[in-house]
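# A closer look at the structure
Each chain, letter by letter, is given below.
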Amino acid sequence: MNDMRPIPAPPPEITSAEALHPKERRSRRFAWIGMVGSLLLFGASLVVLWHIVSGIDVNELRSAFTAASLRQIGLAILFTAVSYSLLTCYDAIALRQLKLHIPYRTTALASFTSYAVSFTLGFPLLTAGTVRYWIYSSKGISAGRVASLTVIAGVTFWLGMALVLASSMIRQADEVASLIYTNIWINQLVGLVAAALVVAYLVWVSIKRRAVKIQGWRLDLPGFRLTVAQMLIGAVDVCAGAAVLFVLLPGGHNISFETFVAIYIFAVMLGVASHAPGGLGVFEATILLALSSYPREPILGALLLYRLCYYLVPFVVALAFLGAYEIRNRIRSMRGKFKPEEDDEPILEK
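So, here is what we can say about the structure in this document. Keep in mind it's a predicted model, so treat the numbers as computed, not measured.

## Digging into the pattern of salt bridges
Inspection of the entire model under this criterion finds five salt bridges. Arg132 serves as the salt-bridge partner of Asp91, at 2.8 Å between the closest nitrogen and oxygen. With Asp91 in helix H3 (residues 70-97) and Arg132 in helix H5 (residues 124-136), this residue pair connects regions lying 41 residues apart in the sequence. Considered together, Asp91 and Arg132 belong to a single accessibility category, that of buried residues.

Here is the structure:
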């Protein structure tokens, strides 16, 4: 007997956001809110920056840019080298947590080039992850491991910033208040909250082994010892990055380094939130607003030199390293193709 049951209709396609899973709808909504917030922050910073820069004398700016002494430029280059050297430790800690044994020269190349490229181009998860995968994949590391490595390195950065911010805002609350026009108790509260978050995270990873899931990948977070190492390395790196700009500032500003670090961290955080490449515009606007009581031209000249030392020069060097790395791999590949096999060697008759 023929089966006369009707053929079931295919399931309807999901064509609207209403048919999506509630978690997926919520995730998309937050993504849109975050993107709009970043655009508003970037746009507002550009307006503020334009308002500040529009009254600057070009000749005075040129003089301020070229007024930096060789000692200032030398110190800026030195602190830039220290900062990028410490960034290689981010990857080293992540590789240790993932139990991957990679030569340090490869780790240093992947770390330096990924950060130099992502700092300049922005979108660090995409740009830094791509550069890391380009280099680490030749050592047999999968894309999932590279993504985990990038996340652990990011945690190191934020832990270091939180530790330095907590110290600066608690110890220099009055000086910071005079620069950013806030109350001392608000600054101390921010410092205490940052310190509490750092301590809470330390306790959280110390009680038992912790793991998070990111896009279906399970990532085991470092324990107490590695987390402490993360914080210390991240803190010194942040201070080295701030020192690059601090030594380029004109003399007579009468700002302590610890106070300046707090301003620097706020500028970096706002730059990251804006998703602008290197926080361009947002970072400068924040620094100029915080130091608005000082002449604008010398401060802007220092910011331009900072961009040159900490972003542009490492970016160019990183591109040169990546080009040399690719050329070397191509040469090795060609040598491997033209190398005669042992089985193809002629057999000499006796």
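From this point, the discussion proceeds with the structure in view.
## Looking at the side chain of Thr80
Position of Thr80 among the secondary structure elements: in helix H3. For Thr80, a relative accessible area of 7% translates into the label buried.

## A short note on the packing of aromatic side chains
Per the counting criterion, the structure on display carries 19 aromatic pairs. Plain terms: the ring middles of Phe246 and Phe257 are 5.3 Å apart, the flat faces sit at 75 degrees to each other, and that makes the pair edge-to-face. Here the residue Phe246 occupies a position in helix H9 (residues 224-248), and Phe257 occupies one in helix H10 (residues 257-274), the gap between them amounting to eleven residues. Note on Phe257: relative accessible area 29%, which makes it partly exposed. Between Phe246 and Phe260, the ring centres sit 5.5 Å apart and the planes meet at 50 degrees, which makes this aromatic pair tilted. Pair noted here: Phe246 is in helix H9 and Phe260 is in helix H10, with a separation of 14 residues, a long-range link. By relative accessible area, Phe260 is classed as buried at 2%. Across the ring face of Tyr115, the terminal group of Arg132 is positioned such that the distance to the ring centre comes to 5.0 Å. Of note, Arg307 hangs over the ring of Tyr311, and the distance from its end group to the ring centre comes to 4.6 Å.

## Examining the nonpolar core
If you look at soluble globular proteins, the nonpolar side chains tend to sit buried side by side. Counting residues in hydrophobic clusters, the biggest one holds 70 residues, and the most contacted among them are Tyr136, Leu245, Phe260, Phe283, Ile287, Leu303 and Tyr306. Looking at this core, the element that brings in the most residues is helix H12 (residues 296-338), giving 13 residues. Non-local contacts of Leu245, meaning those with residues more than four positions away in its chain, are made with Phe260, Phe283, Ile287, Ala302, Leu303 and Tyr306. Among the nonpolar cores identified, the runner-up in size contains eight residues, and Ala162, Tyr201, Leu221 and Met231 belong to it.

## Some words on the layout of surface pockets
The space that makes up the second largest pocket amounts to roughly 240 Å³. Those elements giving two or more residues to the lining of the second largest pocket turn out to be helix H4 (104-121) and H12.

## Remarks on the environment of Leu300
Positionally, Leu300 belongs in helix H12. The exposure class of Leu300 is buried, given its relative accessible area of 8%.

## Here we look at the side chain of Arg210
In this structure, Arg210 sits in the loop between helix H8 (184-207) and strand S1 (211-214). Salt bridges are absent for the buried Arg210, whose nearest opposite-charge side chain, Asp220, sits at 10 Å. In this structure the side chain of Arg210 is engaged in a polar contact, spanning 2.7 Å, whose partner is the backbone oxygen of Trp204. Sequence-distant contacts of Arg210, that is, excluding residues within four places in its chain, are made with Trp204, Val205, Leu219, Asp220 and Leu221.

## Considerations on H4
Since one α-helical turn is 3.6 residues long, residues separated by three or four positions face the same way. An ideal rise of 1.5 Å per residue puts 26 Å on 18 residues; H4 measures up with 25 Å between its terminal C-alpha atoms. Backbone geometry just downstream of H4 places Gly122 in the positive-phi region, at approximately 80 degrees.

What counts and what doesn't
- Residues numbered from 1 in each chain as written.
- Predicted model: local features only at pLDDT ≥ 70, side-chain atom pairs only at ≥ 80, totals over all residues.
- Heavy atoms only, no water.
- Salt bridge = Lys/Arg side-chain N within 4 Å of Asp/Glu carboxyl O.
- Helix = DSSP H or I, 4+ residues; strand = E, 2+ residues; numbered from the N terminus.
- Buried < 20%, exposed > 50% of the residue type's maximum accessible area, 1.4 Å probe, protein only.
- Phe/Tyr/Trp six-rings, centres within 6.5 Å; stacked < 30°, edge-to-face > 60°.
- Lys NZ or Arg CZ within 6 Å of the ring centre and 35° of its normal.
- Core = buried A, V, L, I, M, F, W, Y, C linked by side-chain atoms within 4.5 Å.
- Contact = heavy atoms within 4.5 Å.
- 1 Å grid on protein atoms, 1.4 Å probe; cavity = no way out; pocket = protein on both sides within 12 Å on 5 of 7 lines; lining within 4 Å.
- Points joined across faces, edges and corners; volume = space filled by probe spheres on them.
- Lys, Arg positive; Asp, Glu negative; His and termini not counted.
- Polar contact = N/O pair within 3.5 Å; in protein donor to acceptor, adjacent residues only side chain to side chain.
- Expected span 1.5 Å × (residues − 1).

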